[in-house]
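Take a look at the letters that make up each chain.
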Number of protein chains: 4
Amino acid sequence: MATRLSDTDRIEGFSDAVFAIAITLLVLDLSVPQPGRFAAGLLEEWPSYLAYLTAFVTIAGVWVHHHSVFTRVSRAEPAIVILNLFVLLGVSLVPWPTRLIGASLRDGELADQSASLVVFAVPSVILALAWFTLSRALVRRPHLLAEVADTDYMRRNARRTLLTIIPTVLATGLAFFAPLAALAVYLLIAAYFLATSARQSAH
Amino acid sequence: MATRLSDTDRIEGFSDAVFAIAITLLVLDLSVPQPGRFAAGLLEEWPSYLAYLTAFVTIAGVWVHHHSVFTRVSRAEPAIVILNLFVLLGVSLVPWPTRLIGASLRDGELADQSASLVVFAVPSVILALAWFTLSRALVRRPHLLAEVADTDYMRRNARRTLLTIIPTVLATGLAFFAPLAALAVYLLIAAYFLATSARQSAH
Amino acid sequence: MATRLSDTDRIEGFSDAVFAIAITLLVLDLSVPQPGRFAAGLLEEWPSYLAYLTAFVTIAGVWVHHHSVFTRVSRAEPAIVILNLFVLLGVSLVPWPTRLIGASLRDGELADQSASLVVFAVPSVILALAWFTLSRALVRRPHLLAEVADTDYMRRNARRTLLTIIPTVLATGLAFFAPLAALAVYLLIAAYFLATSARQSAH
Amino acid sequence: MATRLSDTDRIEGFSDAVFAIAITLLVLDLSVPQPGRFAAGLLEEWPSYLAYLTAFVTIAGVWVHHHSVFTRVSRAEPAIVILNLFVLLGVSLVPWPTRLIGASLRDGELADQSASLVVFAVPSVILALAWFTLSRALVRRPHLLAEVADTDYMRRNARRTLLTIIPTVLATGLAFFAPLAALAVYLLIAAYFLATSARQSAH
């Protein structure tokens, strides 16, 4: 008997809610300057706006990609439910390094900023591994997929998502001597992932 | 093949969740007075209640307008998904200047209050530009619209939403010498946008 | 043409999201004691647990009542959308006095506690007025109701919700000399409203 | 007349939103280290990451279990709505002890850590009692269940959920001399509950 939990609609609804909350909670990471110097303080905070934008695009990309994947899944099994929870774990962590980056660029030293940017890679690596294992699990379970051709999509998707680890780790290296450059690279990776996921979902 | 991501239902569900979270997070911007003078402190905080109400009406207006637009869209494409994310970016930023206004009216100087009210215009300008480009993108893609007549609606909507920038920028000028008056003007703009969007959605 | 915005489903979905967020944000109002005396500090905090429970039951009651009302509404109009936003304004404010009560019972004087408990009545009064005007607006618009008999329900509901102002204002008087007793009365009012709304929704 | 409130879909939608918000709010409990020692500070915070993971798995388990239960319920009654609110009360409390554990492991003494871990058991005990009474209420109301055989499921589920109190209380005892070991036991209980609920939902 197919249960309602197995409905991918329910998994997608819950996941969408987590994505929406995580993307909206980012605003709590934008800080309030010292009284008496709001104008100057707000301008100096520009790196935390870049961190906000990077986190926003990262979560938006996961949302678009999630639909691109689950539109090809017609039924679920316990393993899929559990692996999807790993995706949600990765997304729900994103506001945390965003807050670290803001705090370290405001008050911290270079070492603090590097540490924050390395932490920013943690959700991305969790997400890459979660997508990889989820896609591979779906390759091994063709009976859960909407169409036969979707096995090819999942095989390519496993490879594609695993490969995102490479630029992420390279940016992590950059974080040790040029934190803002590393942040800019994260933004480019996230924007590229968003754009390719949006294109994929249309075919 | 129409994918599930392309379903505007899914875009609307995710957008509604972001609107609901942003509008409810505003309550975190209402502060707790110093012990020993709650009654006086709470009364002195009235400008931050005005900021709360203005932000509430702003987000409510976007919610109503979003349905007015998407009720006329029957299918989506990657460009529409991306442009809708710009709308969400604008909405999810609203709680931040609301917090700035509360803090600057409590502890800050005139310059701090002016800066906060200028920042309040940022989400409004992002929203105006996002609605404009989204409406224009839909004018150029009549195959995504529910009815032929909706192209006229989108053309008018592009103009109407772009025009909201004018009173917003005028209020920004007012913010430099009369911050509370600027806040009152923002509230009027938001209330007018909410009322006209509610009327539009009924036809 | 009936637009999708006019669908009460969409109004209910957005409202439910606001209710769910407001009820879950209450947890942020529970505080962390001073290091070195967690056990004692946590026990002394019991009045803020009572405030949490009261706020939880208040929002839960609005959720149940909202469905009891909207299950009888088959179509919406701009006025209904706007009046429903007043309900949401009332609900989204609830976490704020809850935080005030916790803070004033922890560090404040009797006057602070009284002020906080008077503020707790504000969302309740907003909600009573919002339900009253929404119910009256539906009495005047029988074409929006699912059945003819629902006009009677709305007429009774307008009276019933307006009457909740009486015990709320009485509890406000009690807040000036016995804040905790006032909080207990609020809890009883909220529990009674929840119970009667749950019963109503079943008929 | 079956009302829309009685629809279990609406109960599930509201509950899912509460679960999604609670699980995403956990990220606010992850702290920002002192400037000048981010790298060291972030490594020392590992017990709060364990607390985060434990809370995440706890809420995820309730989400999966909730569907496993409600997929067998075809109609609701006021008592079911109220008892489901107790489940939501338990879930919405989880972020609070998670914050306590992080704070006490950072700055507190052994007694503070023990107190925090005892508080972590409170939502679990509320959840166990809520599931038990909800399942028993459904055993006594077979007309609400989708199939006759579901009465057996609810009877077993009442026993199973009540039994989770035993390991939880044992871990509470452990909290008084080995807080981190108690946290690890909570994680194992939550992971076991998640795994068994996921398996149950598939049959």
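Keep in mind that this is a model prediction, so the values were computed, not measured. (Residues numbered from 1 in each chain as written. Chains lettered and ligands numbered in written order. Predicted model: local features only at pLDDT ≥ 70, side-chain atom pairs only at ≥ 80, totals over all residues.)

Before going further, it helps to spend a moment on the overall build of chain A. A count of helices and strands for chain A gives 9 helices and 0 strands. Reading chain A from its N end, one meets helices and strands in the order α-α-α-α-α-α-α-α-α. Along the first, second and third principal axes, the C-alpha set of chain A runs to 65 × 30 × 25 Å. (Helix = DSSP H or I, 4+ residues; strand = E, 2+ residues; numbered from the N terminus.)

Tallying the contact residues gives 34 residues for chain A and 25 residues for chain D. Of all the secondary structure elements, the ones that give two or more residues to the side of chain A that touches chain D are α1 (8–25), α4 (78–93), α5 (95–107) and α6 (110–139) of chain A. (Contact = placed C-beta atoms within 7 Å.)

Every contact between the two is made by 34 residues of chain B and, on the other side, 26 residues of chain A. Breaking the side of chain B that touches chain A down by element, the ones donating at least two residues are α1 (8–25), α4 (78–93), α5 (95–107) and α6 (110–139) of chain B. Per element, the largest residue contribution to the side of chain B that touches chain A is 8 residues, and it comes from α1 of chain B. Considering only residue class, the side of chain B that touches chain A consists of 20 nonpolar, 7 polar and 7 charged. (Nonpolar A, V, L, I, M, F, W, Y, C, P; charged D, E, K, R; others polar.)

Aligned on chain A, chain B shows an RMSD of 0.0 Å; the corresponding rotation is 90° and the shift along the axis is 0.0 Å. The relationship between the two copies is best expressed as a four-fold rotation axis. The fraction of interface residues of chain B whose copies in chain A are also interface residues is only 6%, indicating that the copies meet through different surfaces. (Least-squares fit on C-alpha atoms with pLDDT ≥ 70 in both.)

A turn of α-helix holds 3.6 residues, and therefore any two residues three or four places apart point the same way. Residues and elements named next belong to chain B. End to end, helix α7 (residues 150–163) covers 20 Å across 14 residues, agreeing with the expected 20 Å (1.5 Å per residue, within 8%). Asp-150, Tyr-153, Met-154, Asn-157 and Thr-161 are the residues of α7 that are buried. Projected down its long axis, α7 shows its buried positions confined to an angular sector of 95°, all on one face. α7 presents Asp-152, Arg-159 and Leu-163 as exposed residues on the side facing more than 90 degrees away from its buried surface. (Expected span 1.5 Å × (residues − 1). Buried ≥ 20, exposed ≤ 12 C-beta atoms within 10 Å, placed from the backbone. Arc of directions from axis to C-beta.)

Take chain A, turn it by 90°, move it 0.0 Å along the axis, and it overlays chain D with an RMSD of 0.0 Å. The two copies present different faces, since only 6% of the interface residues in chain A are matched by interface residues at the equivalent positions in chain D.

Turning next to the packing of helix α5 (residues 95–107) of chain D against helix α6 (residues 110–139) of chain D. Residue and element names in this part refer to chain D. At a minimum axis distance of 8 Å, the contact between α5 and α6 shows a crossing angle of 170°. Taken together, the axes of α5 and α6 lie roughly antiparallel to each other. Note that α5 runs across α6; the crossing there is left-handed. Across from Pro-97, Leu-100, Ile-101, Ser-104 and Leu-105 in α5, the residues of α6 making contact are Asp-112, Gln-113, Ser-116, Leu-117, Val-119, Phe-120, Val-122 and Pro-123. (Axes fitted to C-alpha atoms, helices over the stretch in contact; angles between N-to-C directions. Parallel < 35°, antiparallel > 145°, perpendicular 65-115°, else oblique. Left-handed = near helix turned anticlockwise from the far one by under 90°.)

A few words now on the nonpolar core. Counting 285 residues, the largest nonpolar core has Ile-59 of chain A, Ile-59 of chain B, Ile-59 of chain C together with Ile-59 of chain D as its most contacted members. In terms of residues, this core owes the most to one element, α6 of chain D, which gives 13 residues. For Ile-59 of chain B, the residues in contact, after removing those within four places along its chain, are Phe-19, Ala-22, Ile-23, Val-91 and Val-94 of chain B. (Core = buried A, V, L, I, M, F, W, Y, C linked by C-beta atoms within 7 Å.)

Looking now at the arrangement of the chains. With no contact formed, the shortest span from any C-alpha in chain A to any C-alpha in chain C equals 9 Å. If you take every C-alpha in chain B and every C-alpha in chain D, the smallest gap between them is 9 Å, and the two do not touch.

Residue and element names in this part refer to chain D. Where α6 meets helix α9 (residues 179–200), the axes come as close as 9 Å, and the angle between the chain directions of the two elements is 15°. The angle between α6 and α9 falls in the class roughly parallel. The element α6 and its partner α9 pack so that their crossing is left-handed. Here Gln-113, Ser-114, Leu-117 and Phe-120 of α6 lie close against α9, whose contacting residues are Pro-179, Ala-182, Leu-183 and Tyr-186. For the contact of α6 with α9, the class distribution of residues is 6 nonpolar, 2 polar and no charged.

Now for the environment of Pro-97 of chain B. Its location among the elements puts Pro-97 of chain B in helix α5. What makes Pro-97 of chain B buried here is the crowd of 27 C-beta atoms within 10 Å.

Our focus in this paragraph is the environment of Ile-101 of chain D. Residue and element names in this part refer to chain D. Along the chain, Ile-101 turns up in helix α5. For Ile-101, a count of 31 C-beta atoms within 10 Å translates into the label buried. Sequence-distant contacts of Ile-101, that is, excluding residues within four places in its chain, are made with Ser-48, Ala-51, Ser-116, Leu-117, Phe-120 and Leu-183.

What follows covers the confidence of the model for chain A. For chain A, the mean per-residue pLDDT works out to 91, and 96% of the residues sit at or above 70. Quick note on the complex model: pTM equals 0.94, ipTM equals 0.93. (pLDDT = per-residue confidence, 0-100.)

Now for the environment of Tyr-49 of chain A. Residue and element names in this part refer to chain A. Tracing the sequence through the fold places Tyr-49 in helix α3 (residues 46–70). According to the C-beta neighbour criterion, Tyr-49 is partly exposed, with 15 such atoms within 10 Å. Separated by 20 residues in the primary sequence, Tyr-49 and Asp-29 have C-alpha atoms spaced 9.5 Å apart.

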